[in-house]
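Secondary and tertiary structure notes
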There are 2 protein chains.
Amino acid sequence: MKKDLLQKYLYENIPISKAMGIEIEEASLEKVVLSTSFAPNINHKKTVFGGSLHAAAIFACWSLLYLNLDHSKEIVIVKSEISYKAPVLSDFKAICIKPEKMVWDRFIKTLRAKGKAKILLSAKIGEAVYFQGYFAALTHPGST
Amino acid sequence: MKKDLLQKYLYENIPISKAMGIEIEEASLEKVVLSTSFAPNINHKKTVFGGSLHAAAIFACWSLLYLNLDHSKEIVIVKSEISYKAPVLSDFKAICIKPEKMVWDRFIKTLRAKGKAKILLSAKIGEAVYFQGYFAALTHPGST
């Protein structure tokens, strides 16, 4: 059910996720797996466009934070790096796994204390694409 | 005319460019300016999704290389970094300017000598987004 709600939220609020054919395959507090269709994301070489790979990685990381944080938090991407090691030639999965407990606990502690905190999340697409991005979480002004 | 051909090429070969509403505003050997529609790229905060900003930056840089190199070359993105300094709240332009002559000439010289070469290109979206990516150009096997 969690994954259906997340899918609906993405399609309704970030429409490019629908254009890309992103589907939530797994959505837990520990791990997010997104499946993405090949056809809408192809390029002139009949491989997946690098921009789509980056977008899928962001969606995976953003979803993990969205599932873990309550809705009084705003999630913003601050910066990211991506390495394209090999072409992607088919439908693909972007996977984000929750960081280790010490890193996560520090993030949550800072977020509670200061109303904002930053965390480095990673996503990968098979062995072809490695993504790392800093995401900031902010408590909305006025929320408790 | 150059920009109409480039636009057609992108829409036909990399369909997500059409879904994003990318339009070629300027396409010379020195500079590429892409206009992108706000609506298809919005997120839940009614700002532009970070993945779309990254994709627009790639399209600008890729287009500059595509216009400068002959069609016997394959262009591949190797890795990139992007900094999101401020939210983008409207239609936006991604701009890529050709690197300085010394850098460009070295790239072309290496490409001719070895059949492959790598170049760092930058794109920006106003003062909100700064992108840098390494792109590799390869001479297709069998081409002269």
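Presented here is an overview of the structure given in this document. Sequence positions are assigned chain by chain, starting from 1 and proceeding in written order. Both sets of labels track the order of writing: A upward for chains, 1 upward for ligands. Residues qualify for local features only when their pLDDT is at least 70, as the model is predicted, and side-chain atom pairs are given and counted only at 80 or more; totals for whole chains, interfaces and linings, by contrast, use all residues. Values shown for side chains rest on all heavy atoms present in the structure; no hydrogens or waters enter the calculation.

A word on the packing of helix 1 (residues 2-13) of chain A against helix 3 (residues 50-68) of chain A. Think of two packed helices as two axes; the pair is described by the angle between the axes and how far apart they sit. Residue and element names in this part refer to chain A. Orientation is described by lines fitted to C-alpha atoms, with helices fitted over the stretch in contact, and by angles between N-to-C directions that extend from 0 to 180 degrees. Each helix corresponds to a stretch of at least 4 residues labelled H or I by DSSP, and each strand to a stretch of at least 2 residues labelled E; elements are numbered beginning at the N terminus. Contact geometry of helix 1 with helix 3 gives a least axis separation of 12 Å together with a crossing angle of 120 degrees. In this view, helix 1 runs oblique relative to helix 3, as classed from their interaxial angle. Handedness of the crossing formed by helix 1 with helix 3: right-handed. For the pair formed by helix 1 and helix 3, the contact residues are K2, L6, Y9 and L10 on the first element and F59, W62, S63, Y66 and L67 on the second. Angles below 35 degrees are treated as roughly parallel, those above 145 as roughly antiparallel, those between 65 and 115 as roughly perpendicular, and all remaining angles as oblique. For any pair of crossing helices, the crossing counts as left-handed if the nearer helix is rotated counterclockwise from the farther one by less than a right angle, and right-handed if it is rotated clockwise. Residue contacts are counted whenever heavy atoms from the two residues lie within 4.5 Å of one another.

Here F59(B) lies in helix 3 (residues 50-68). Residues F59(B) and P87(B) lie 28 residues apart in sequence; the distance between their C-alpha atoms is 20 Å. When near neighbours in sequence (up to four residues on either side) are disregarded, F59(B) contacts F49(A), L10(B), I14(B), I16(B), S17(B), M20(B), I22(B) and L34(B).

Once that is clear, we can look at the relation of the copies chain A and chain B. Residues reaching a pLDDT of at least 70 in both copies supply the C-alpha atoms on which the copies are superposed by least squares. Its rotation angle being 180 degrees, the transformation that places chain A on chain B also includes 0.0 Å of axial translation and leaves an RMSD of 0.0 Å. With respect to symmetry, the two chain copies, as superposed, fit the operation of a two-fold axis. Judged by C-alpha distance, E81(A) is the residue of chain A that lies nearest the rotation axis, at 2.2 Å. Take the interface residues of chain A: 100% of them recur as interface residues in chain B, which is what a same-surface contact looks like.

Further remarks concern the sheet that holds strand 3 (residues 73-84) of chain B. Any two strands are treated as partners once DSSP identifies two or more bridges connecting them. Taken together, 12 strands build an open sheet; the order of strands is 1(A)-2(A)-4(A)-5(A)-6(A)-3(A)-3(B)-6(B)-5(B)-4(B)-2(B)-1(B) and the sheet is antiparallel. Among the strands making up the open sheet, the edge pair consists of strand 1 (22-27) of chain A together with strand 1 (22-27) of chain B. The average angle at which neighbouring strand axes cross in this sheet is 25 degrees, direction not considered. Alignment of strand 4 (residues 92-97) of chain B against strand 5 (residues 116-125) of chain B, held across two bridges, turns out to be antiparallel. The partner of I95(B) across the bridge, within strand 5 of chain B, is K124(B).

A separate point is unusual backbone geometry. Residue and element names in this part refer to chain A. Notably, K46 is not glycine yet its phi reads approximately 60 degrees, a positive angle. Relative to the elements of secondary structure, K46 occurs in the loop between strand 2 (31-36) and helix 3. Only protein chains enter the area calculation, which uses a 1.4 Å probe; residues under 20% of their type maximum are buried, those over 50% are exposed, and those in between are partly exposed. Taking the relative accessible area as the measure of exposure, K46 reaches 46% and is therefore partly exposed.

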